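Examination of the molecular architecture
Chain by chain, the residues run as shown.
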Amino acid sequence: MQVAVLSGAGISAESGVPTFRDAETGLWAKVDPYEISSSDGWRAHPERVWAWYLWRHYMMGAVQPNNGHRAVAAWQDYADVHVVTQNVDNLHERAGSKKVYHLHGSLFEFRCDRCQVGYEGELPEMPEPVETVDPPRCVCGGMIRPSVVWFGEALPEDAWQRSVEAVTGADLVVVVGTSSIVYPAAGLPEFALANGIPVIEVNPERTPLSDSATVSLREPAAAALPTLLQRLPALLD
Ligand code: BJW
Ligand code: ZN
């Protein structure tokens, strides 16, 4: 059996990583998303964007995978599992998942914004958020940026191709912890449904996918995922 898991920020919420769009605790409750996560925002205020990502980089390194990430990794004993994640953390890999495709890049990789060369230098530890930090400079004069995908930027071609193949070739697609509003990632479950592949959504809140999903479970990831495969026959009956 081939299983594709499309994950979003909600799967890491129970590890202590804030989601983006939660009204109370979401990362974007306090900052303007288009200022902090777009190339226009980077050009206008690189020192603000860099400070914000240094803090998130530190936080993501300090937290641990939760039972949701661990369950997805454990499914590899029973199925060919492909994890398509919008998350820039590495919690799926740290839980043991082998096939992980990062649609929105990684916050553990950095590169020059001009010549695109990877950056291997030390990063300052940032346990608390600060307003501004100047980004390091590349030898070419460009600025070092996180290798994440901002609004208006293309997704990494290789990760996108693998994700489309994983989803359209799957026997089951599990969509977990995403608000399903950011495209093109949000279109992947639509490809599956168009091909007659069952889609199970796991999310405590309703999303634009909820009505079209084969099954929509209003449960948090760390509670739902550990028993999901055992519940499949009853859920898809
Ligand atoms: C739980 C839970 C628990 C809580 N258990 N669940 C109209 C206007 C402008 C732009 C567009 C437009 N229409 C389309 C676009 C394009 C745009 C887009 O989709 N915008 C929409 C918002 C309208 N897309 C893009 O720009 C993309 N690129 C593109 O289209 O390129 C075209 C192109 C082609 C060729 C050349 C050039 C260009 C790029 C999108 C990049 C998104 N980047 C970010 C930042 C990444 C870096 C970082 O991490 O900082 O990705 S934005 C942010 O949103 C991040 C996330 O990956 C992404 C999705 O968010 P996610 O994961 O769904 O999180 P939340 O917070 O939204 O939801 C969490 C969910 O979890 C909630 O539902 C909770 O209920 C749930 N939850 N606890 C389970 N315990
Ligand atoms: Zn450079």
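Rules used in this analysis
- The numbering scheme is per chain: residues are counted from 1 as the chain's sequence reads.
- Chain A is the first chain written and ligand 1 is the first ligand written, with later ones labelled in order.
- Under the rules for a predicted model, residues below a pLDDT of 70 receive no local features and side-chain atom pairs below 80 are neither given nor counted, while totals for whole chains, interfaces and linings still include all residues.
- Excluding hydrogens and water, the side-chain values take into account all heavy atoms of the structure.
- UniProt positions are given in the numbering used here, feature names are shortened, and annotations may be inferred rather than shown by experiment.
- Whether two residues are in contact is decided by their heavy atoms: any pair within 4.5 Å suffices.
- For this analysis, a polar contact is any N or O atom pair within 3.5 Å, provided that within protein one partner can donate a hydrogen and the other can accept it, and provided that sequence-adjacent residues contribute only side-chain to side-chain pairs.
- Nonpolar cores are built from buried Ala, Val, Leu, Ile, Met, Phe, Trp, Tyr and Cys residues. Side-chain atoms within 4.5 Å join them into one set.
- Throughout this description, buried means an accessible area under 20% of the type-specific maximum (1.4 Å probe, protein chains only), exposed means over 50%, and partly exposed covers the range between.
- Strands are runs of DSSP state E lasting at least 2 residues, helices are runs of H or I lasting at least 4, and numbering of each runs from the N terminus.

By the naming in an unreviewed UniProt entry, the protein is NAD-dependent protein deacylase, taken from Mycolicibacterium rutilum. One UniProt comment on the protein, placed under Function (unreviewed entry), says "NAD-dependent lysine deacetylase and desuccinylase that specifically removes acetyl and succinyl groups on target proteins. Modulates the activities of several proteins which are inactive in their acylated form." On record in UniProt, under Sequence similarities (unreviewed entry), the comment for the protein is "Belongs to the sirtuin family. Class III subfamily."

Turning our eyes to something else, we now look at the UniProt feature "active site" (unreviewed entry) in the protein. On the UniProt side, "active site" (unreviewed entry) is annotated at positions that read His104 here. If sequence neighbours within four positions are ignored, His104 has contacts with Thr85, Gln86, Val88, Ser147, Val148, Val149, Leu155, Val182 and Ala185. A polar contact of 3.5 Å, which involves the side chain of His104, links it to the backbone oxygen of Gln86.

Ranked by size, the top nonpolar core spans 27 residues in total, and within it Trp50, Tyr53 and Leu107 carry the most contacts. Those elements giving two or more residues to this core turn out to be α4 (46-62), β4 (105-112) and β5 (144-148). Residue contributions to this core peak at nine residues, all from α4. In this view, Leu107 contacts Tyr53, Arg56, His57, Met60, Val88, Pro146 and Val148; residues no more than four positions away in its chain are not counted. Counting 23 residues, the second largest nonpolar core, distinct from the first, contains Ala79, Ile200, Ala224 and Leu228.

Turning to its location among the elements, Gly118 is positioned in the loop between β4 and β5. Sequence separation of Gly118 and Asp134 is 16 residues, and the distance between their C-alpha atoms is 18 Å. Once residues lying within four places of it in the same chain are set aside, the contact partners of Gly118 are Phe110 and Arg111.

Within the UniProt annotation, "binding site: Zn(2+)" (unreviewed entry) is assigned to Cys112, Cys115, Cys138 and Cys140. Despite a sequence span of 29 residues, these residues sit close together in the fold, their greatest C-alpha distance being 8.5 Å. With respect to the helices, strands and loops of the structure, Cys112 is situated in strand β4. On the basis of relative accessible area, Cys112 is assigned to the buried category, the value being 0%. Excluding residues within four positions of it along the chain, Cys112 makes contact with Val117, Cys138, Cys140, Gly142, Met143 and Ile144. Inspection of the secondary structure puts Cys138 in the loop between β4 and β5. Residue Cys138 is classed as buried on the basis of its relative accessible area, which comes to 15%. If near-sequence neighbours (up to four positions away) are discounted, Cys138 is found in contact with Cys112, Cys115 and Ile144.

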